[in-house]
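Notes for the structure review
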Amino acid sequence: MSYTQRWPEQGWALLHLLLMASFSQAEEPVCTQRGDPEIPQMFKDGDIMLGGIFSFHSSWKNRRDSYMDIPLPLQCTSLNFRGFQFAQAMLFAVEEINNSTDLLPGISLGYRIYDSCGSIAKSVRVALAFANGNEVVSQPSEVPCTRPAQVQAIMGERSSSPCMAMATAIGPFHIPMISHFATCACLSDKSKYPSFLRTIPSDYYQSRALAQLVKHFGWTWVGAIRTNDDYGNNGMATFTETAQQLGICLEYSVSFFRTDPPDTIQKIIDIIKASTSKVIIAFLSHMDLDVILHEFSPHNLTGYQWIGSEGWIFDSQTAAVDKHHILDGAIGLSIPKAHVSGMREFMLDVRPLNVSSNEMFTTFYETLFSCKFKQSKSSSRNQKECTGREDLTEVQNSFTDMSLMPIFNNVYKGVYAAAHALHLILSCNKTCNTKVQLDPFTILQHIRTIQFKTKEGEEVYFNENGDPAAKYEIINWKPRENDIVEFVTVGLYDASLPANKQLNLQNESITWTQNSQQVPVSVCSEKCLPGTRKVLQKGMPVCCYDCIRCAEGDISNITDSVTCVRCHPEFWSNERRDACVKKEAEFLSYEEIMGALLTAASLFGTCITAVVALIFFRYRKTPIVRANNSELSFLLLFSLTLCFLCSLTFIGRPSDLSCMLRHTAFGITFVLCISCVLGKTIVVLMAFRATLPGSNMMKWFGPAQQKLTVLGFTLIQVMICILWLTISPPFPFKNFKDFKDKIILECALGSALGFWSVLGYIGLLAILCFILAFLARKLPDNFNEAKFITFSMLIFCAVWITFIPAYVSSPGKFSVAVEIFAILSSSFGLLFCIFIPKCYIILLKPERNTKKYIMGKGALK
């Protein structure tokens, strides 16, 4: 098209604008509403107007806007009887208040009720209509176009998302908005929604209550389905947070909205089939769940335990849709049962509705009674004709179902809350002050602080967030005959009580999925029994774990323990690793075989020594006894007796006294013994030297010197022992290191230097005695005692040299046994080597017991 061809079109457009400008200058400016006005579906004039917004339809037709023309009005579909019930509940409250002489006397309440179709966009348009009105109003140019709100309070909507949008739109106008069924916890935020209140508890409490319910039954591995809107998403977020705190894991969490395509539901079905959890948390509205049930039915998704929110758990319409018993045994939270006298009869009386003047009410009436009005375009010959006088008592459908009476009661309480606030503002007594200028902000402030009781005695008030007290009944779906489901109350939840008393359940009366009486099990991993601990599986939630047995010495005495606790050093784990048992205290006792044998050997050595002493005493005047200082012989026998007896101090439970006595007694008696042997060895050498010409050796080593020598050597050991006991004495000690499951009761050395000094001194004397005896072994006597002393010292040194590594390497009581064995062996060696040959001569060879033979001057034939 050329420029000249376009000119007529542009010229006409310019001319049109000029005409419009001149027309505008000729008349006064007016304030007009843009777009088509919103017409209320129900209207009644009154002194004070209330608004209502309910979903008379549950859906709408999707359309594609071209953005070239003004969008057409929303076309609502799917008539929703629940919306009509809510509207009827509001009308009942209004009529009851208007007929009351106690509340707002002389004041009539009117109402404007709109259909939102469940659409957020339409809900906002209606909210703005409440604020501004629909009329075209002419105003002089100098007068602002703002006017007072058309209603003083708004009742509705039932869903959280539309309420959020509406509350955001009307919040700046401070128009009170009271919802009967919007439960999203987000609506408690007064900074965003300052004028929003509700007569139903917040999902903050419901979500936490559902988590506690799941925890109560021991379910730690669950799945979740939620409505993909503010109600479902916010409610599930709170549930998830609380569940994590309680140790509950979600295997999956999927969202769904009723307008989603079929493949979305198919994905949900596939997820549920592939899951291992047997409990499903359904945070859904009843409309979304109805769609899901319809799609689930062909897939035989039974056997799952459903946990429901108040959005559907007590909705009989949902139970009627569940033809395949998918939800049988469901359990969940519902608003406490309520009864409002006269409401049921009022709601079932639909004759006051002016069905002839409204196409929507005509459709509602025709659908309700399954009839057609004569003038209806869609009337059919096969359908009966509507008369307008039909009786609802002969009809059974969702409109006649009163299972949602608790929600109807919420609508009723919302209307009464507004009426009580108005009653206070207007200073009503027998009459009201009608000259008071009503202000939405003032009404809002009074509603927030209002507190009253309904005619049924129920107390109504709002907290600082505009929420009522959170109380729920716990409902169980019990299937009955003829596909009827009975909603049975099996418990209560009261958020105002202490945490441990909020949940009150009657487990024995619950019917579970598939009509079972046993609580279903839904865990990722079985509980870890006492004696084991949980180890998380890599890449899995905390509820998935393996149970590992506690190590030796560690226990866990609770189920699902995350750690094993180390037993006290004096205790040890039992075989099951679930308790610490006291360790067996081990020491060398007289009762055990080894202790008894060593005791017998000690007593036997003592007796033998006593017998030898008696023999020596009996033959004390014979040459063989008198030879080499008989006094030293008797002292040596006495010291050997003490050596045998001191070994007994090593047997038995260690004590402070026995620990100090055993080592000191052993050290002193053995030094006394070796000193006597050393004295006898020196006597032999001195005696030999004395027989040489000119020798005067025996003069310097007579009996007195021999005694002083024994005393001197012994006193040195006594001093060493005194120092040891003074500085760091031995003490009883519990040894936990050598054996895991035993306590070794032993004597700690205190000072290792003291112990090894005692042993070293004994060894020094023994080596000295061995050297001297070795030097005297070839002296010319027939009975050369030095030979036997040499052999006895050889045995003594061999025993104590082998004792050191054996003592160090022997564990527990065996180290004590090694020490006793060394004492007894060295004692027997001294006794047998030194005294048995003499006893042999005394008893069996008396002819050799002569001085002549001993000196080597005689021989036996």
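These notes cover the structure that comes with them. (Residues numbered from 1 in each chain as written. Predicted model: local features only at pLDDT ≥ 70, side-chain atom pairs only at ≥ 80, totals over all residues. Heavy atoms only, no water.)

**Regarding the layout of surface pockets**
Empty pockets left among the atoms are what a rolling probe the size of a water molecule brings to light. In this structure, the largest pocket encloses a volume near 890 Å³. Lining the largest pocket are 27 residues, with Glu38, Pro73, Leu74, Cys76 and Lys122 positioned closest to its centre. Listing elements by their share of the lining of the largest pocket, those giving two or more residues are strand 6 (109-115), helix 3 (120-132) and helix 11 (359-369). (1 Å grid on protein atoms, 1.4 Å probe; cavity = no way out; pocket = protein on both sides within 12 Å on 5 of 7 lines; lining within 4 Å. Points joined across faces, edges and corners; volume = space filled by probe spheres on them. Helix = DSSP H or I, 4+ residues; strand = E, 2+ residues; numbered from the N terminus.)

**Side note on the packing of helix 12 (residues 405-425) against helix 13 (residues 440-449)**
Put simply, helix 12 and helix 13 touch, their axes get as near as 9 Å, and they point 115 degrees apart. As far as their axial angle goes, helix 13 and helix 12 are roughly perpendicular. Along this stretch, helix 12 crosses helix 13, giving a crossing that reads as right-handed. Across from Ala417, Ala418, Ala421, Leu422, Leu424 and Ile425 in helix 12, the residues of helix 13 making contact are Thr442, Ile443, His446 and Ile447. (Axes fitted to C-alpha atoms, helices over the stretch in contact; angles between N-to-C directions. Parallel < 35°, antiparallel > 145°, perpendicular 65-115°, else oblique. Left-handed = near helix turned anticlockwise from the far one by under 90°. Contact = heavy atoms within 4.5 Å.)

**Notes on the pairing of strand 28 (residues 731-735)**
With five bridges joining them, strand 28 and strand 29 (residues 742-748) adopt antiparallel strand pairing. In the sheet register, Phe733 faces strand 29, and the bridge partner there is Glu746. If you look at the hairpin formed by strand 28 and strand 29, you'll find six residues sitting between the two strands. (Pairing = 2+ DSSP bridges.)

**A few points about the sheet that holds strand 2 (residues 42-44)**
Strand order in the open sheet formed by six strands is 2-6-3-8-9-10, with mixed pairing between adjacent strands. Either end of the sheet is taken by a strand with one partner, and the two such strands are strand 2 and strand 10 (196-198). Pairing between strand 3 (residues 48-54) and strand 8 (residues 154-155): two bridges, direction parallel. Bridge pairing in strand 8 places Gly51 opposite Ile154.

**Overview of the state of the cysteines**
A covalent bond bridging the sulfur atoms of two cysteines is what the word disulfide describes. Per the counting criterion, the structure on display carries ten disulfides. Each disulfide pairs two cysteine sulfurs, and for Cys524 the partner residue is Cys544, the sulfurs being separated by 1.9 Å. Note on the Cys524 and Cys544 pair: the S-S dihedral is about 105 degrees, so by sign convention the disulfide is right-handed. Residue Cys524 is found in the loop between strand 20 (503-505) and strand 21 (532-536), and its partner Cys544 is found in the loop between strand 21 and strand 22 (545-549); the two are separated by 20 residues along the sequence. Cys544 sits in the buried class, given a relative accessible area of 0%. Each sulfur of the disulfide joining Cys528 and Cys547 lies 2.0 Å from the other. Here the disulfide of Cys528 and Cys547 is left-handed, its torsion about the S-S bond being about -95 degrees. One end of the pair, Cys528, is in the loop between strand 20 and strand 21; the other, Cys547, is in strand 22, and 19 residues separate them in sequence. Classification of Cys528 as buried rests on a relative accessible area of 0%. This cysteine, Cys163, is not joined by any disulfide, and Cys186 carries the nearest cysteine sulfur, 9.9 Å off. (Disulfide = S-S within 2.5 Å. Buried < 20%, exposed > 50% of the residue type's maximum accessible area, 1.4 Å probe, protein only.)

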